[in-house]
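Examining the three-dimensional arrangement
Each chain is listed here by its residues.
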Amino acid sequence: MPPQGSVLTDVWCCIWHALGRKIKSKESKEHWLDHAEDKYDKDLISDVKILVKILLLYIPLPFFWALFDQQGSRWTFQATRMDGQIGSWTLKPDQMQVVNPLFILLFIPVFDTFVYPLLARCNLLKRQLPRMFTGGILAGVAFLVSGCLELKLETTFSVALQSGETRVTFINGLPCDIALNVTGQDPEIKIPQLQEHIIKSIMINEANTTFNVTLEFDEHNCGNVRHGLPHYEIVVHEETAHAIMITADSTVIKMVNIEPPDDYMKSDSGLPKLRMLYNLDMVPFNSSVRLKGKFDTYDFFIEDTPQGHTSGTKFMEVEPGSYQVFLPTLEGIREEEAFTSFDVKLGGVYNFLVQKSLINVSDAM
C-alpha cells in the first residue's frame with residue numbers, strides 16, 4: 001500500500017491529545033504520553049517519548065547559535081572600539097574570525113588526548129552529555145563577560161552632538177601652565193603645558209556663538225612667550241567639535257580655532273584616526289611631517305590655508321602601531337633621523353602637535 005497520512009501530523013496530534021487527556025484525567029500514568037493510548041498505538045507513543053527526550057536536549061541550541069553567530073557581527077563591532085592590545089601584539093577585530101577555527105582544530109586533539117582523560121581520572125565529564133552541558137555553561141559565561149565588557153565600554157563612547165550643542169577642546173601648546181576663564185564656564189580651567197582640556201558639551205542659543213576667553217600665565221617661566229591679549233574671542237558652531245590651539249607668534253600668545261573641526265567619533269573600521277596640528281612659520285608650505293611605522297608610512301602636509309602656518313590637517317585612518325616622526329628642514333627637505341616616536345592604538349582618535357620652539361628664539365621644532 002502507498003504511504004498514507006503524515007508522520008509529523010501524527011506526532012503533534014499524539015502530543016496534543018496526551019496533554020488534553022492528562023489535564024482532564026485524574027488517572028496517574030507512568031509517562032504523560034501514555035494518556036494517548038486510547039487513540040494511538042504503543043509504537044507511535046514510544047517513538048514520541050524518544051523524540052521528546054531529544055527535543056529537550058536541543059531546546060537550548062537555537063539560543064546558543066543565535067548568540068554564537070554574534071561573534072561575526074556584534075562581537076566584531078565591539079572589538080572596533082577596543083585597542084586590541086595583547087602584550088606586544090595587536091589583534092584586529094576581524095582577525096578573531098580566523099583564530100576561532102584554528103582554536104577548534106587545535107583544542108579537539110588536546111582535549112581528547114589530555115584534558116578529558118585527566119578529568120576522567122577525577123571521575124568528571126566521562127560522558128558526552130555532561131561535556132556538552134559544561135560547554136554550554138562556559139559559552140553562557142562568555143556571553144555574560146561580553147555583556148559586562150559592553151557596559152564598561154559604554155562609559156567611553158562619544159555621544160553625538162545635538163542641535164544647540166557644541167564641544168570645545170583647548171590644547172595648551174605653550175611651555176608653561178595656563179589658566180583660562182571662558183564665558184559661561186565655571187570654575188577656572190587650568191591646563192598644564194602640552195596638555196588638553198575638553199568641555200564635552202556646551203549649550204548655545206544660536207547656530208554661531210562667540211565666547212570671550214581670558215588667559216593667565218607666568219610670563220617669567222614660559223620660555224620666550226611674554227605677552228597675551230586682554231581677551232580672546234572664539235566663534236563656535238552648533239553640532240561641531242572645535243579644537244582650540246593655544247600657541248604663540250614670536251613672544252605673543254594666540255588662540256587658533258583649527259580648521260577642519262575636531263573629529264571625536266571613532267572609526268567604523270576600528271582603525272585609529274590621526275591628524276597633525278602645527279605651528280611652523282619657518283617651514284615652507286607643502287613640506288610634510290612623515291610618520292614611519294613597521295609596515296606603513298604616512299605624510300602629513302603643511303598646506304597653504306587661510307589659517308596660514310598655524311593650522312591642522314584632515315584626519316587620516318592609519319594602521320595601529322609605533323611610528324617614528326621625521327620632521328622637515330627649513331628648506332622643506334625631510335630630516336634623515338627620526339625626531340621622536342609615539343604609539344597609536346585601535347579605536348583611538350588622536351591629534352599630534354608639531355610646532356616651533358617656544359622656549360627660546362630659534363628655528364628648532
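- As annotated in an unreviewed UniProt entry, the protein carries the name Solute carrier family 15 member 1 and comes from Cherax quadricarinatus.
- As stated in UniProt under Sequence similarities (unreviewed entry), the record for the protein gives "Belongs to the major facilitator superfamily. Proton-dependent oligopeptide transporter (POT/PTR) (TC 2.A.17) family."
- What the UniProt record of the protein gives under Subcellular location (unreviewed entry) is the line "Membrane".

**Some words on the pairing of strand E3 (residues 165-172)**
- The buried fraction of E3 is high, at 8 of 8 residues.
- Burial along E3 is two-sided: Glu 165, Arg 167, Thr 169 and Ile 171 facing one way and Thr 166, Val 168, Phe 170 and Asn 172 facing the other are all buried.
- As paired elements, E3 and strand E6 (residues 196-203) share 6 bridges and run antiparallel to each other. Following the sheet pairing, Ile 171 is matched in E6 by Glu 196.

**Examining the sheet that holds strand E9 (residues 241-249)**
- Read across the open sheet, the 4 strands follow the order E6-E3-E9-E10; overall the sheet is mixed. Every other strand in the sheet has two partners, leaving E6 and strand E10 (252-257) as the edge strands with one partner each. Taken over all neighbouring pairs, the strand axes of this sheet differ in orientation by 20° on average, direction set aside.

**Description of the state of the cysteines**
- All chains considered together, the criterion is met by 1 disulfide.
- The disulfide partner of Cys 176 is Cys 222, and the gap between their sulfur atoms is 2.0 Å. Between Cys 176 and Cys 222, the disulfide has an S-S torsion of -65° and is therefore left-handed. One end of the pair, Cys 176, is in the loop between E3 and strand E4 (178-182); the other, Cys 222, is in the loop between strand E7 (208-217) and strand E8 (232-237), and 46 residues separate them in sequence. No difference in accessibility class separates Cys 176 from Cys 222, as the two residues are buried.
- Summary of cysteine pairing: Cys 13 is not part of a disulfide, and the nearest cysteine sulfur, belonging to Cys 14, is at 8.9 Å.
- A relative accessible area of 35% places Cys 13 in the partly exposed class.

**A short note on the sheet that holds E4**
- Ordered in space as E5-E4-E7-E8, the 4 strands form an open sheet in which the pairing is antiparallel. Of all strands in the sheet, those bounded by a partner on one side alone are strand E5 (189-191) and E8. Each strand axis lies, on average, 35° off the axis of its neighbour in the sheet, ignoring direction.

**Focus: unusual backbone geometry**
- That bond from Glu 259 to Pro 260 is cis: its omega, 0°, falls within 30 degrees of zero.
- In this fold, Pro 260 is placed in the loop between E10 and strand E11 (273-279).
- With phi around 55°, Leu 194 is a residue other than glycine that occupies positive phi space.
- Mapped onto the elements of the fold, Leu 194 is located in the loop between E5 and E6.

**Describing the UniProt feature "transmembrane region" (unreviewed entry) in the protein**
- UniProt feature "transmembrane region" (unreviewed entry): in the numbering of this structure it lies at residues 50-68 and 98-120.
- When the span residues 50-68 is considered, its composition is 95% helix and 0% strand, and the gap between its end C-alpha atoms is 28 Å.

About the thresholds
Residues numbered from 1 in each chain as written. Predicted model: local features only at pLDDT ≥ 70, side-chain atom pairs only at ≥ 80, totals over all residues. Heavy atoms only, no water. UniProt positions renumbered as here; feature names shortened; annotations may be inferred. Buried < 20%, exposed > 50% of the residue type's maximum accessible area, 1.4 Å probe, protein only. Helix = DSSP H or I, 4+ residues; strand = E, 2+ residues; numbered from the N terminus. Pairing = 2+ DSSP bridges. Axes fitted to C-alpha atoms, helices over the stretch in contact; angles between N-to-C directions. Disulfide = S-S within 2.5 Å.

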